[in-house]
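Architecture and fold: a report
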Amino acid sequence: MKFVDLILLATGIFTISWMVSVLVFIEVSGNYLERKMKQDALNQARWDRGIGTRYNMYAMVLVANTAAKVSPIDDQAVLKYARKVDRVLAFWTVISFIGAMFFCVFFYFLSN
């Protein structure tokens, strides 16, 4: 197996891992966080119905573990209601995305 093939394989593995992690994060953590915020009548991301960008923002807040001064989501509520499993899933989502993009760019420059 050539080095380029290994990079392509790593790209595929990280991409599939990212796809699975996003689905798991949305179903387990995203729905839980939104249910808890709805119970306390906190601001929910109504601007994002159908797109799903808010879930990536939830993951970034959990990985960074800090609330931004200005954010379209309620960072404080996300940090307040997050469980340990939510943080692990967020970390998995972010790391697999970064790995997929790194190997994708690396493969692009290596194959030219």
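**Observations regarding the pattern of salt bridges**
- According to the stated counting rule, one finds 2 salt bridges in the structure shown.
- Among the ionic pairs, R54 bridges to E34, the shortest N-O distance being 2.4 Å. A residue pair is termed long-range when its members are at least 10 positions apart, and R54 in helix α2 (residues 53-64) and E34 in helix α1 (residues 3-39) qualify at 20 residues. Across the pair, exposure class does not vary: R54 and E34 are buried alike.
- Its salt-bridge partner being D86, residue R83 comes within 3.0 Å of it at the nearest N-O pair.

**Quick word on the confidence of the model for the protein**
- On average, residues of the protein score 91 in pLDDT, and 97% of them are at 70 or above.
- Ranking the elements of the protein by mean pLDDT puts helix α3 (residues 75-81) last, at 92, and helix α4 (residues 84-111) first, at 94.

The rules behind these values
- Residues numbered from 1 in each chain as written.
- Predicted model: local features only at pLDDT ≥ 70, side-chain atom pairs only at ≥ 80, totals over all residues.
- Heavy atoms only, no water.
- Salt bridge = Lys/Arg side-chain N within 4 Å of Asp/Glu carboxyl O.
- Helix = DSSP H or I, 4+ residues; strand = E, 2+ residues; numbered from the N terminus.
- Buried < 20%, exposed > 50% of the residue type's maximum accessible area, 1.4 Å probe, protein only.
- pLDDT = per-residue confidence, 0-100.

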